[in-house]
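Observations on the model geometry
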Amino acid sequence: MPTGFHFGRSQFRRYTSEYRKLYAHTFKGLTEKPLGQYQFTITTEQGAERTPFELCETSTGVRYMRINKGEGKKPLEIALLTCSSSASNKLYISCPYCQERRQHLYRFKNGYACRACLKLHYASQSETKQSRLARRIRKLRLALWGYQPDIYNLIESSYYFAKPKYMRWKKFIERREAISALESEYWRLSEQQLRRCFGGLFLR
Ligand SMILES: [Zn+2]
């Protein structure tokens, strides 16, 4: 179980979180703490992995953690959302991909995302334009590459997958570009969704 946060020797304050999961309640103290640099620790098979982040606040008072992914890459932004309707003021964290409130996020190689984004369950009866598009992309991917790990994971771009051995390059690139264009449209819709949730305050 997470042991919460404590002041470390470095200028960072440390967080401990359970194996490969990032729990919202671990960050409860951050709703009261000064803005600035912190870090949390998550234990993986390779040992403790420290992730520095900046605690920021939007002009409307929504706090969020910004995790830099390196030069030229879009930082991950995870909002800290308290549920005002519950007496306990339960804290949720937002999934950086779908912006849904979650009690925990999962670690994967490109960052953190919720179970729905990683395992990709969609209720067909409430399909939005975005999820219809997602379904189409997955179908095309499966047709091009066959089943393989991450084939349904839209966080992984189509550029991640290698050319099937039997296929000619020209044909392969054509098909991949067509899928990639749909992926761009998917992420554009996803960003619109994010704007609706946070009024554009998360985007620069
Ligand atoms: Zn998500």
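The model shown is predicted, which means the values in this text are computed figures rather than measured ones. (Residues numbered from 1 in each chain as written. Predicted model: local features only at pLDDT ≥ 70, side-chain atom pairs only at ≥ 80, totals over all residues. Heavy atoms only, no water.)

**Notes on unusual backbone geometry**
- Although it is not a glycine, Q99 sits at a positive phi angle of roughly 70°.
- Along the chain, Q99 falls in the loop between β8 (91–94) and β9 (101–102).
- On the basis of relative accessible area, Q99 is assigned to the buried category, the value being 5%.
- Positive phi outside glycine occurs at D150, with the angle close to 70°.
- In this structure, D150 sits in the loop between α2 (129–145) and α3 (169–198). (Helix = DSSP H or I, 4+ residues; strand = E, 2+ residues; numbered from the N terminus. Buried < 20%, exposed > 50% of the residue type's maximum accessible area, 1.4 Å probe, protein only.)

**Looking at α2**
- The end-to-end C-alpha separation of α2 is 24 Å, in line with the 24 Å expected for 17 residues at 1.5 Å each.
- For α2, the full list of buried residues reads Q130, S131, L133, A134, I137, R138, R141, L144 and W145. Down the axis, α2 shows its buried residues gathered within 150° of arc, on one side only. Exposed residues lying more than 90 degrees from the buried face of α2 are K129, R135, K139 and A143. (Expected span 1.5 Å × (residues − 1). Arc of directions from axis to C-beta.)

**Observations concerning a nonpolar patch on the surface**
- Taken together, the side chains of L142, Y147 and Y152 define a hydrophobic patch exposed on the protein surface, amounting to about 320 Å² of accessible area.
- Of note, Y147 is situated in the loop between α2 and α3. (Patch = residues over 30% accessible without salt bridge, like charges linked within 9 Å, V, L, I, M, F, W, Y side chains within 5 Å. Areas by Shrake-Rupley, 256 points an atom, 1.4 Å probe, with all protein chains shown as cover. Salt bridge = Lys/Arg side-chain N within 4 Å of Asp/Glu carboxyl O.)

**Focus: the sheet that holds strand β10 (residues 104–108)**
- The strand order across the open sheet built from 3 strands is β3-β10-β11, with neighbouring strands paired in antiparallel fashion. The outermost strands of the open sheet, each flanked by one partner alone, are β3 (21–23) and β11 (111–113). Each neighbouring strand pair of the sheet contributes to a mean axis angle of 35°, computed without reference to strand direction.
- Of the strand pairs in this sheet, β10 and β11 are connected by 3 bridges, and their pairing is antiparallel. In the strand pairing of β11, F108 is matched with G111. (Pairing = 2+ DSSP bridges. Axes fitted to C-alpha atoms, helices over the stretch in contact; angles between N-to-C directions.)

**Re the nonpolar core**
- Counting residues in each nonpolar core, the largest one holds 27 residues, and the members touching the most others are F27 and Y112.
- Contributions of two or more residues to this core are made by β4 (36–44), β5 (47–57), β6 (63–67), β7 (76–82), β8, β10, β11 and α1 (115–119).
- Counting residues in each nonpolar core, the second largest holds 14 residues, with I151, L154, I179 and Y186 among its members. (Core = buried A, V, L, I, M, F, W, Y, C linked by side-chain atoms within 4.5 Å.)

**Considering the environment of H104**
- Structurally, the position occupied by H104 is in strand β10.
- C-alpha separation for the pair H104 and T26, spaced 78 residues apart in sequence, amounts to 9.6 Å.
- Among the polar contacts listed, one links the side chain of H104 to the side chain of Y106, at a separation of 3.3 Å. (Polar contact = N/O pair within 3.5 Å; in protein donor to acceptor, adjacent residues only side chain to side chain.)

**A closer look at the packing of aromatic side chains**
- Scanning the entire structure with this criterion turns up 12 aromatic pairs.
- A ring pair is formed by F27 and F53, whose centres lie 6.2 Å apart and whose planes are at 85°; its orientation type is edge-to-face. Pair noted here: F27 is in the loop between β3 and β4 and F53 is in strand β5, with a separation of 26 residues, a long-range link.
- Exposure remark for F53: the relative accessible area of 1% places this residue in the buried category.
- Measuring from ring centre to ring centre gives 5.7 Å for F40 and F53, while their planes differ by 35°; the resulting arrangement is tilted. (Phe/Tyr/Trp six-rings, centres within 6.5 Å; stacked < 30°, edge-to-face > 60°.)

**Quick look at the pattern of salt bridges**
- In this structure the tally under the stated criterion is 8 salt bridges.
- When the shortest N-O distance is used, the salt bridge between R63 and E57 registers 2.8 Å.
- Measuring nitrogen to oxygen at the nearest pair gives 4.0 Å for the salt bridge that ties E177 to R176.
- Where salt bridges share partners, they join E54, R66 and E77 into one cluster.

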